[in-house]
Amino acid sequence: MTTKPPPGAVAQSSLRTGLIAAIAAYTFWGGMPIYLKAVSDALTSEILVHRIIWSVPFGALILAMRKQWRETLKAFMDIKVIVILAISALAISLNWLTYIWAVVNDRILEASLGYYINPLMYVAAGVILFGEKLRAAQIIAVALATIGVLVLTIGVGVFPWISILLAVLFTIYGYIRKTAPVGAMPGLFIETVLLTPFAVVYLFVLMSAGTAAFLQQSAGLDILLVLAGPVTVIPLVLFAVSTRILTLTTVGFLQYIGPTIQFILGLYYGEPFALAHALCFGLIWSGLAVFSIDAVRASRSAAGATKEAEAA
């Protein structure tokens, strides 16, 4: 006769699964420059094309394993959802293209800066788009990030457009996806399906012109380009698993794993790191610390208020 584990043990096991999934997802995203460096013999645009094309069959496999085909087909039948996902597909494809270009052109530090800024960009977007009011700590966090960008711009003499563009595009993508009533994996699958016809045509043009790397250089590079599918899909699946288990506050803390690994890789690959970079990152890290502490306090206050309301 078997005995059921106590509820506390089940909850602890579930929490451990969520943490492992989140850490794995963000580590995967953080290590993305290693993969992109390995396929850098291909054009930036071709790498993007393979990321789109090979995400479709691998995504279909994941949908079958997670039994999400019904949800996916239901979304396909909804014109409103398709229009929303078409716009989000454009935003995420531009984000991918910018990121790939940054890594291939030795701008990983700027890319990591973009993903550090991203949480604060969400806050700024909430104010601009929805008229949300900021708490004092949020104002301080956004101000520190803004000063950091200005310091880098003045110190290096070049505006960090890659960082800002990545943050803006991902923020746009996030807000658009929030309005689409579809899960993470079904949504990504539909987005890549919508983009695939354009990607296939473009790849055919590249191959006809003799400028494509696929099937033209080495079997090793071909395999790596095909792996763009699982490299894109796997971390998203892990992220989806984690967000179903963990609180948003916990996920918010863990999200800094990705850009931190990218930051370290940027230094490893020998990218220039001047005093202006140190000051910029220092100010943004300080802003994120203030932002995170405030998020924890707000979460605890909300939880306390909910308990009091339930007790009453």
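A few points on the structure.

## A look at the pattern of salt bridges
For step 1, the next point in the chain: Under the counting rule described, the total for this entry stands at four salt bridges.
For step 2, the next point in the chain: Glu 191 serves as the salt-bridge partner of Arg 177, at 3.3 Å between the closest nitrogen and oxygen. Taken together, the residues span a long stretch of sequence, with Arg 177 in helix 9 (residues 161-178) and Glu 191 in helix 10 (residues 184-209) at a distance of 14 residues.
For step 3, the next point in the chain: Given the relative accessible area of 1%, Glu 191 is considered buried.

## Remarks on unusual backbone geometry
For step 1, the next point in the chain: With a phi angle near 55°, Lys 67 is a residue other than glycine that sits in the positive phi range.
For step 2, the next point in the chain: By secondary structure assignment, the location of Lys 67 is in the loop between helix 4 (55-65) and helix 5 (69-76).
For step 3, the next point in the chain: Positive phi outside glycine occurs at Leu 215, with the angle close to 65°.
For step 4, the next point in the chain: You can see Leu 215 is positioned in the loop between helix 10 and helix 11 (219-226).
For step 5, the next point in the chain: Take Leu 215: its relative accessible area is 54%, and that puts it in the exposed class.

## Remarks on a nonpolar patch on the surface
For step 1, the next point in the chain: A cluster of nonpolar side chains, Trp 101, Phe 159, Trp 161 and Leu 165, forms an exposed patch at the surface whose accessible area comes to about 370 Å².
For step 2, the next point in the chain: Looking at the element boundaries, Trp 161 is found in helix 9.
For step 3, the next point in the chain: Owing to a relative accessible area of 38%, Trp 161 belongs among the partly exposed residues under this scheme.

## A few points about the packing of helix 7 (residues 108-130) against helix 8 (residues 136-156)
For step 1, the next point in the chain: It is the contact of helix 7 with helix 8, at a shortest axis distance of 10 Å, that shows an interaxial angle of 140°. One finds that helix 7 runs oblique with respect to helix 8. Where helix 7 crosses over helix 8, the handedness of that crossing is left-handed. In contact with Leu 113, Ile 117, Leu 120 and Val 123 of helix 7, helix 8 contributes Gln 138, Ala 141, Val 142, Ala 145, Val 149 and Leu 152.
For step 2, the next point in the chain: For the contact of helix 7 with helix 8, the class distribution of residues is nine nonpolar, one polar and no charged.

What counts, and where the lines are drawn
Residues numbered from 1 in each chain as written. Predicted model: local features only at pLDDT ≥ 70, side-chain atom pairs only at ≥ 80, totals over all residues. Heavy atoms only, no water. Salt bridge = Lys/Arg side-chain N within 4 Å of Asp/Glu carboxyl O. Helix = DSSP H or I, 4+ residues; strand = E, 2+ residues; numbered from the N terminus. Buried < 20%, exposed > 50% of the residue type's maximum accessible area, 1.4 Å probe, protein only. Patch = residues over 30% accessible without salt bridge, like charges linked within 9 Å, V, L, I, M, F, W, Y side chains within 5 Å. Areas by Shrake-Rupley, 256 points an atom, 1.4 Å probe, with all protein chains shown as cover. Axes fitted to C-alpha atoms, helices over the stretch in contact; angles between N-to-C directions. Parallel < 35°, antiparallel > 145°, perpendicular 65-115°, else oblique. Left-handed = near helix turned anticlockwise from the far one by under 90°. Contact = heavy atoms within 4.5 Å. Nonpolar A, V, L, I, M, F, W, Y, C, P; charged D, E, K, R; others polar.

Take it as geometry only, folks, not as evidence of what the structure does.
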